[in-house]
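# Reading the structure
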Amino acid sequence: MNRQDPFRDSDYLQKNQYKDSSNLDARANLHRKFSTAKVRWQPWAFDLLRLEPGMRVLECGCGPGWLWRENIDRLPDGCDIILTDLSPGMVAEAEAALATSNHRFDFQPSNIQALDFADSTFDVVVANHMLYHVPDLAQGLAEVRRVLKPNGRLVAATNGDNHMKELPLLIPEELRQKAASLRMRGEAGQLPFRLENGRSLLEPFFAQIDLHLYEDSLWVTEVEPLLAYAFSMLKPGVDVPETAVAQLRDLWAAKIEADGGIHISKHSGVFEAYK
Ligand SMILES: C[S@@+](CC[C@H](N)C(=O)[O-])C[C@H]1O[C@@H](n2cnc3c(N)ncnc32)[C@H](O)[C@@H]1O
């Protein structure tokens, strides 16, 4: 395993972090419960697909299929939608939730770096919050471009440097060593594919690139979902002692008690890239 950068270690991601949706769900739960956004994330992201009846759509890194599960009533008729993910566990969860819908879904484990589809197959390829995990991103983007029809679009969500920037600061100095290992980010602390560098990484493969920013922040009024979020991204082999968890719990509870909640910034958006 590439212990230097578990964030882009496909074997580790598939067998551990994303074996099933439990870690991802701990993070999504914090956003669902404490978001201040006017429009929820999944409907907002779905609107950017601009689906029309009969379109062919591929999703790479579909996770448990939330994009479709939360928008199932808004899906136009006659679309062919293929959901893929590196993790067979994720694909199985997406399939269990969507296979009996009235729409045409297909499901298969697949790595974005080697897509098993013919050239010019899809109107839209979705890659939400996953391009930062791809070890050979140029290869992954070349594959996306290859399977898109002429004028087809890649729709790819990611985060920016200011996303959840308060979280490490909420951890006291004496726990900082552990804090450094709390968040499973790239070694530099930045996502490899993020709002700040996404355009330049996409440019070699796409003719036109638009960026849509999502306005949101969190106002967290309960401790346990924040603890679950923080501990959903431990690096492999890192074990945080119960005493450290208890210390954080007390500290964050006191802050919520004193201020009524904890403010956390968000910095997310979607690149729309035309072939
Ligand atoms: C942060 S989750 C996002 C899931 C979903 N797109 C969402 O936004 O809720 C990242 C997903 O990408 C998948 N993934 C990671 N590397 C991948 C790769 N090389 N090819 C395909 N999927 C990958 C993971 O298994 C995981 O399900």
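For every chain, the first residue of the written sequence is number 1, and numbering continues from 1 onward in sequence order. Only residues with pLDDT of 70 or above have their local features reported here, since the model is predicted, and side-chain atom pairs are shown and tallied only from 80 upward, although totals for entire chains, interfaces and linings are computed over all residues.

### What to know about the site of the ligand
Note on definitions: a residue is near a molecule or strand provided its C-beta atom, placed from the backbone, lies within 6 Å of it. Tyr18, Gly61, Gly63, Leu86 and Met130 are the nearest of the 21 residues found near the ligand. Asp, Glu, Lys and Arg are counted as charged, while Ala, Val, Leu, Ile, Met, Phe, Trp, Tyr, Cys and Pro are counted as nonpolar; the rest, among them Gly, fall into the polar class. A breakdown of the residues in the shell around the ligand according to their chemical character gives eleven nonpolar, nine polar and one charged.

### Thoughts on the sheet that holds strand β1 (residues 56–59)
On the basis of which strands lie adjacent, the open sheet formed by seven strands has the order β3-β2-β1-β4-β5-β9-β6 and mixed pairing. The open sheet terminates on both sides in strands that have one partner only, identified here as β3 (104–109) and β6 (208–214). Averaged over all pairs of adjacent strands, the angle between their axes in this sheet comes to 15°, without regard to strand direction. In the packing of helix α5 (residues 88–98) onto the sheet, the strands contacted are β2 (80–85) and β3, and the crossing angle to β3 comes to about 165°. Running at roughly 140° to strand β5 (residues 148–159), helix α6 (residues 137–147) makes contact with β1, β4 (122–126) and β5 of the sheet. Strands qualify as paired when DSSP identifies two bridges or more between them. Only DSSP runs of H or I with at least four residues qualify as helices, and only runs of E with at least two residues qualify as strands; both kinds are numbered from the N terminus onward. Angles shown run from 0 to 180 degrees and are taken between the N-to-C directions of axes, each axis being a line fitted to C-alpha atoms and, for helices, limited to the stretch in contact. Placing a C-beta atom from the backbone of each residue, one calls two residues in contact when those atoms lie within 7 Å.

### Thoughts on the pairing of strand β9 (residues 268–274)
Counting buried residues along β9, five of its seven residues qualify, which places the element largely inside the surrounding structure. Across seven bridges, the pairing between β5 and β9 is antiparallel. Each residue of the ladder has a partner; that of Asn159, found in β9, is Ser268. Where β6 lies against β9, seven bridges are found, and the strand directions are antiparallel. Its bridge partner being in β9, His212 is matched across the sheet by Val270. The exposure label follows from counting other C-beta atoms within 10 Å of a residue's C-beta, where the C-beta atoms are placed from the backbone and the thresholds are 20 or more for buried and 12 or fewer for exposed, leaving partly exposed in between.

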